[in-house]
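Inside the fold
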2 protein chains.
Amino acid sequence: MYIAVMGYGTVGSGVVEVFTKNHDSIVKRSSQSELDLKYILDIRDFPDDPNADKFIKDFNIILNDDDVKIVVETMGGLHPAFEFVSSCLKAGKSVVSSNKELVATKGYELLSLAEQNNVNFLFEASVGGGVPIIRPITQCLAANEIDEIAGILNGTTNFILTKMIEESMSFDDALKLAQENGYAEKDPTADIEGFDACRKICILASLCFGRHVYPDDIHTEGITHITLADVEYVNSYNAVIKLLGRAKRLSEDKIVAMVSPCIVKSFSQLGNVHDVFNAILVRGDAIGDVVFYGKGAGKLPTASAVVADVIDCAKHAKRKKIFGWDDSEPDYVSDYTQMETELYIRATADDKEKAFEDIAETFGEITVLYRRNAPANEFAFITELDKECVLTEKLNSIKSITPCSVIRVTDY
Amino acid sequence: MYIAVMGYGTVGSGVVEVFTKNHDSIVKRSSQSELDLKYILDIRDFPDDPNADKFIKDFNIILNDDDVKIVVETMGGLHPAFEFVSSCLKAGKSVVSSNKELVATKGYELLSLAEQNNVNFLFEASVGGGVPIIRPITQCLAANEIDEIAGILNGTTNFILTKMIEESMSFDDALKLAQENGYAEKDPTADIEGFDACRKICILASLCFGRHVYPDDIHTEGITHITLADVEYVNSYNAVIKLLGRAKRLSEDKIVAMVSPCIVKSFSQLGNVHDVFNAILVRGDAIGDVVFYGKGAGKLPTASAVVADVIDCAKHAKRKKIFGWDDSEPDYVSDYTQMETELYIRATADDKEKAFEDIAETFGEITVLYRRNAPANEFAFITELDKECVLTEKLNSIKSITPCSVIRVTDY
């Protein structure tokens, strides 16, 4: 049996490296007598590569080669990845993808295609890099009704927030350091605006709750507005700010999902995740909280997840794995402002005494936070639990204060 | 398709509860048109149970009923569990077990029997309770060579150590509290002497490294000799004492494994695990460190792991899952004292000045630890890295000090 790899970037070349290095045990674990790499598709030339003879530029060579039963898609982006993957599935080839944009946007369509053609479409590497999460959710937690899922899904932003929290680095300096270390791209928008985390929580929510959740359907906030002032106030609360992707089941046919900075207890299983690491918390009715932790990105961790999927495809060569979800429905994803939450609010006021009177009158009981050397007119507090829309309306009704920052508080 | 449950204790009754409560989605996920509970085997009577009509006392009814394709063994203990499970496998029934003693002692034998009879023998619940670990190791990490595995595998001892660390409770008081809370049995030996953790690390090591590791082959220490003095000294080192099961690959055909209290950094992924929670760290060549965290015991978490295995057996009814390991070989498990480690040593000396001169001469550089209100003749330090046997010999050669406590230091 042969495999082909499409896209020889960081992940693709890592796949070839892991596949070659651990080849013997991979073949053994795949229950095949042979499992070899036949083609690498890339538009670029790699004349000095040890696999130089396997490079091709024409996708049709893979498509028309019946010996290629498993195709790895590590090209990234929607096009032509979507067209290539669709064609492979229709041609009866199983596909393994690390492409979160593809899965988050076209997952339902591709899973349906895979089902129709009795092949597999697997994408463990698309969420959490090397952290096993897709398979544990589908299999190990099969006996649970999952109520909620929440995760630190983007290593770049977690690195930036860690530097802000632990070294009081400004957002801009931390971003620059992340770029210098190769953790952030030159254009860091997808990471720092939360789009990357958004795609991942869409995939997880689709899997946990059974209907496709599209990136456009969910509220997404990044971390660009987080300041050191917020980090310090939150620290006095024994908590930290983390960018979380979250999804929660409200009823049989309603969920809520979002990506935003959240306040998390410092020494909880999510609060204790530092640097570029990822962690995903799954809350099930029987199992309680389970957390999966590991490197969410990087060449070899991501590649190892891809290769594990390849092994699984080879093992299930003659039998489709049962795996999939339904399409979305109107209003399946509810308005996130209807969710109950506590809010952290940082604000300024010319007349602080009057401001606190108004706050007490509007919000009732609050928890006041502190930071060193705060400007005289600044303060921060945490509200009681209520629907977010109610809290926001209350906040807007207080004319004596100018809000600077609002962050959701979680119970993680 | 029918299932039978043998043993209606905490886990067995939990299995029936989860199976009944989430029955519709369980049937759907098992890809069967029907999946029902036919028998519950227990020597006791449960006249008021909702499933009262399913109770039987004669194992042969299950054995001889060809409609029963999956048997759940939640009896615990070696006998008659081993005989019952063997008979079921030979009769062509798949078996799901939560019985760590059975798997740790007879795993190779039972997996071979399963293979010979083309059925499955699954035991996700035997390690880490509800935490998914067996399946992620076999599948998600299939592309990795696993170098090392380490875990907090026993909730009772972790609860006791947490109380000692966070509330300065004595070992005896913490044990009593654990018993009052139902976390420890009246006879707590299996937990506090490390036997329970030993069985679990045997199962994990067998799975990770491919040969059966028997409980008798590995060095096992409990936590009964840990004192508050040790807890306090270690705290000054920003670390905590945890009971760890560990196994490490030394070469293709050699491993080392043990259970003992270990010193772990406070805010690491293992150090940050509190109360009755479990966590398992897997170190792979491609993936780096991955950690799985959750409730390691308890009725519903454990039951949910059992039911997930039942679903898997049903899905693979006509096809065995590839899963197993070879038998052990002489000297496969190496002498643990040949492992390199740092050691924490607490000791007393009548002449402390002389003692520190001797220590410096024998050990070279050391790190001295502190605690409040230590007796004048007491001290504690951490050695540099060396083979444990070398360090022990050095320690024994110093005549001017009386060692009170020695604990291994890890890099987790």
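Residues numbered from 1 in each chain as written. Chains lettered and ligands numbered in written order. Predicted model: local features only at pLDDT ≥ 70, side-chain atom pairs only at ≥ 80, totals over all residues. Heavy atoms only, no water.

1. Brief notes about the overall build of chain A
Each helix and strand counted, chain A has 14 helices and 17 strands in total. Each principal axis of the C-alpha atoms in chain A carries an extent, and together these give about 75 × 45 × 35 Å. Scored against the burial criterion, the 412 residues of chain A give a buried share of 58%. Put simply, of all contacts in chain A between residues at least 6 apart along the chain, 74% involve residues at least 24 apart. As displayed, chain A has an accessible area near 16200 Å², and 47% of this comes from carbon and sulfur atoms. Between the averaged position of the 42 positive side-chain charges in chain A and that of its 64 negative side-chain charges there is a distance of 5 Å. (Helix = DSSP H or I, 4+ residues; strand = E, 2+ residues; numbered from the N terminus. Buried < 20%, exposed > 50% of the residue type's maximum accessible area, 1.4 Å probe, protein only. Contact = heavy atoms within 4.5 Å. Areas by Shrake-Rupley, 256 points an atom, 1.4 Å probe, with all protein chains shown as cover. Lys, Arg positive; Asp, Glu negative; His and termini not counted. Charge placed at Lys NZ, Arg CZ, Asp CG, Glu CD.)

2. Comments concerning the pattern of salt bridges
Residue and element names in this part refer to chain A. Tallying each qualifying case throughout the model produces 52 salt bridges over all chains. Across the salt bridge formed by D253 and R211, the nearest N and O atoms sit 3.2 Å from each other. Placement of the pair is D253 in the loop between β9 (239-251) and β10 (254-265) and R211 in the loop between α10 (195-209) and β8 (219-220), with a sequence separation of 42 residues. On the accessibility criterion, D253 (39% relative accessible area) is partly exposed. The exposure class of R211 is buried, given its relative accessible area of 15%. (Salt bridge = Lys/Arg side-chain N within 4 Å of Asp/Glu carboxyl O.)

3. Re the pairing of strand β12 (residues 288-295) of chain B
By the criterion of burial, β12 of chain B is predominantly enclosed, with six of the eight residues buried. By the bridge criterion, three bridges tie strand β12 (residues 288-295) of chain A to β12 of chain B in an arrangement that is antiparallel. When the bridges of β12 of chain B are listed, V291 of chain A appears paired with Y293 of chain B. Relative to β12 of chain B, strand β11 (residues 277-284) of chain B runs antiparallel, the two sharing eight bridges. Along β12 of chain B, the bridge assignment pairs R283 of chain B with D289 of chain B. Turn length for the β11 of chain B-β12 of chain B hairpin, with the two strands adjacent in sequence and antiparallel, is three residues. (Pairing = 2+ DSSP bridges.)

4. Structural notes on the packing of aromatic side chains
Both the distance between ring centres and the angle between the ring planes are used here to describe each pair of aromatic rings. Residues and elements named next belong to chain A. Here the structure, examined in full by the defined rule, presents 24 aromatic pairs over all chains. Taking 5.4 Å as the distance between ring centres and 50° as the angle between the ring planes, the aromatic pair formed by F121 and F123 counts as tilted. Residue classification places F121 among the buried residues on the basis of a relative accessible area of 2%. A residue is classified by how much of its surface remains accessible, and F123, at 1% relative accessible area, is buried. Measuring from ring centre to ring centre gives 5.9 Å for F123 and W325, while their planes differ by 65°; the resulting arrangement is edge-to-face. Taken together, the residues span a long stretch of sequence, with F123 in the loop between β6 (121-122) and α6 (134-140) and W325 in the loop between α12 (299-315) and β13 (340-348) at a distance of 202 residues. Comparing F123 with W325 shows no difference in burial state: the two are buried. Ring-pair connections join several aromatic residues into one group, and the members of that group are F356, F363, F379 and F381. (Phe/Tyr/Trp six-rings, centres within 6.5 Å; stacked < 30°, edge-to-face > 60°.)

Interpretation note: all reported values are geometric properties and have no functional meaning in isolation.
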